[in-house]
Amino acid sequence: MNQIDNNNNIPTQEPQRQLYFIEKAGELVRQMEGQKGRRLTACIQTFGCQMNARDSEKLLGILEQVGFVESEREDADLVLYNTCTVRDNANQKVYGRLGYLNNLKKKNPDMLVALCGCMMQEPEVVAKIKKSYPFVDLIFGTHNIFKLAELLYERLQRKKMVIDIWDAAETIVEELPVERKYPFKSGVNIMFGCNNFCSYCIVPYVRGRERSRRPEDILAEIRRLAADGVVEIMLLGQNVNSYGKNLEQPMTFAQLLRQVGEIEEIKRIRFMTSHPKDLSEELIQAMKETPKVCRHLHLPLQSGSTRILQEMNRRYTKEQYLALVDRIRQAIPEISLTTDIIVGFPGETEEDFAETMDVVRQVRYDSAFTFIYSKRTGTPAAAMEHQVLQSAVKDRFARLLREVQTISAEVCGRDAGTVQKVLAESVDDHQEGFLTGRLDNNLIVHFPGTVDLIGSIVEVNLAESKGFYYMGSMIRS
Ligand code: 5AD
Ligand code: SF4
């Protein structure tokens, strides 16, 4: 029965090869279903960023085609962790959870445990898992998630740990199944990888060099999504502002944004993430002139000290960042700005930190993600001297957080009393009969409404600001 297939029958081209393995793995899953007398379940846990969230939708799409039923529970027949490694605590979390999975697997030896994502691109991690967590069934990385069906088939045939990590992506595989988390909104990858090598950051090492998808593939995917009921898309890339540079026919992100804006059924366009050094005048104009582009920009600062920015290899100064914010606000006064900030980068002094606080006070962000610097093996910053004392870092972090939150509470209420367009996203967990929706500028509003409105854009009077969110009432759908 389970003979290794005659190689000649296996397609060599993608996506045909994976569609073939979806069939083959599906046959094995159906056999197991027959033995167990029930459907098999799969649980995907996603750590980290929007890129991983989108990858998980692709992974779930493949698993569902193979025949698994999605489950939220970690005692499923297949558990897949899509990991992050941007800070060390992300790694520690995964090791902790693996201990728990080991116990579950002792109770159900047929259970499959699979790991993928950024953390798996680190050779020390894979070595540690092989040594200390031998019950793991399948390990793959960031460049070959499209191969899940093939790897799963191999694991089911071989009955021992399968490891497949690629150093770089060979191609971008298009048109495999995807299972979206929300019917009405979706992420769309426009590029993969990063060439910036900020000195603290592990992403370029685990996600590889920058590769842009072809605009015709991106637009075709968005048209397909629109036809399937999607009204909001988020264009995803580590640094969307350098989109298109390595295409056969180079184009800019601003040009892409305008083309996406022409797709009738798409009502809202978001994007993540913009590197300040590459944010062009052309993009500011494209945002201004394309009303569907949401009035929200995530513009990572990282540090307000020009000296530290240089050490971080960010390639802008404090003054250039502030001037950029001015230009954006002049063009689009209603824009809401959010950011990422790292505290405790090697060599950061109290004076450097004061520069960061100064930028925070000048820009007045809607919200800021604040991180304690985490040393990542292999990055230039890991070898830098003068790592900052933990006590000083903790103190600065607490002061920054307080400042960010105070400002945020002040600025987030600025639209109170106005009527705004809101995408109704879900039922409100806290109040019967209420929905939770999102404003163009990414803030949340709760308002009375019925389930049938989910996925549509409605007009809501933002009656009351609660600091980080609003309570409102719908005026017309
Ligand atoms: N330590 C702390 N924060 C980091 N980030 C990236 N690398 C590190 C690190 N080594 C933060 C940056 C980035 C966000 C996604 O994570 O602020 O913008
Ligand atoms: Fe990391 Fe910098 Fe690339 Fe962002 S731009 S992914 S922080 S290297």
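None of the values given here were measured: they were computed from a predicted structure. (Residues numbered from 1 in each chain as written. Chains lettered and ligands numbered in written order. Predicted model: local features only at pLDDT ≥ 70, side-chain atom pairs only at ≥ 80, totals over all residues. Heavy atoms only, no water.)

(A) Layout of the nonpolar core. Of all hydrophobic cores here, the largest spans 85 residues; its most connected members are Leu-235 and Phe-253. In contact with Phe-253, not counting residues within four places along its chain, are Ile-190, Leu-235, Val-240, Asn-241, Tyr-243, Phe-271 and Leu-283. The next biggest cluster of nonpolar side chains, apart from the first, holds 31 residues, and it includes Ile-22, Val-29, Cys-116 and Phe-140. (Core = buried A, V, L, I, M, F, W, Y, C linked by side-chain atoms within 4.5 Å. Buried < 20%, exposed > 50% of the residue type's maximum accessible area, 1.4 Å probe, protein only. Contact = heavy atoms within 4.5 Å.)

(B) Molecular detail of the sheet that holds strand 14 (residues 367-372). Read from one edge to the other, the open sheet built from three strands follows the order 12-13-14, with strand pairing classed as parallel. What marks the edges here is a single partner per strand, and that holds for strand 12 (296-298) and strand 14. With strand direction ignored, the average angle separating the axes of adjacent strands in the sheet is 15°. Pairing between strand 12 and strand 13 (residues 336-343): three bridges, direction parallel. The residue of strand 13 that forms the bridge with His-296 is Ser-336. (Pairing = 2+ DSSP bridges. Helix = DSSP H or I, 4+ residues; strand = E, 2+ residues; numbered from the N terminus. Axes fitted to C-alpha atoms, helices over the stretch in contact; angles between N-to-C directions.)

(C) Region of the structure containing the site of ligand 1. In the vicinity of ligand 1, the residues found are Val-86, Arg-87, Tyr-200, Gln-302, Asp-340, Ile-342, Phe-371, Ile-372, Tyr-373, Ser-374 and Arg-376. Asp-340 is positioned with one of its side-chain polar atoms (N or O) 2.7 Å from an oxygen atom of ligand 1. With the chains in place, 85% of the 400 Å² that ligand 1 exposes on its own is no longer accessible. Of all the elements in the fold, those that place two or more residues in the shell around ligand 1 are strand 13 and strand 14. (Near = heavy atom within 4 Å. Polar contact = N/O pair within 3.5 Å; in protein donor to acceptor, adjacent residues only side chain to side chain. Areas by Shrake-Rupley, 256 points an atom, 1.4 Å probe, with all protein chains shown as cover.)

(D) How the structure looks around the side chain of Lys-147. Looking at where Lys-147 falls in the secondary structure, it is placed in the loop between strand 5 (138-140) and helix 5 (148-158). There is a polar contact of 2.7 Å between the side chain of Lys-147 and the side chain of Asp-164. Other than its neighbours up to four places away in sequence, Lys-147 contacts Gln-18, Asp-164 and Trp-166.

(E) The arrangement of helix 3 (residues 88-107) in detail. Across its 20 residues, helix 3 extends 30 Å between first and last C-alpha, which sits within 8% of the 28 Å expected from 1.5 Å per residue. By the burial criterion, the buried members of helix 3 are Ala-90, Asn-91, Val-94, Tyr-95, Leu-98, Leu-101, Leu-104 and Lys-105. Those residues of helix 3 that are buried are in contact with strand 3 (78-83), strand 4 (112-117) and helix 4 (123-132). (Expected span 1.5 Å × (residues − 1).)

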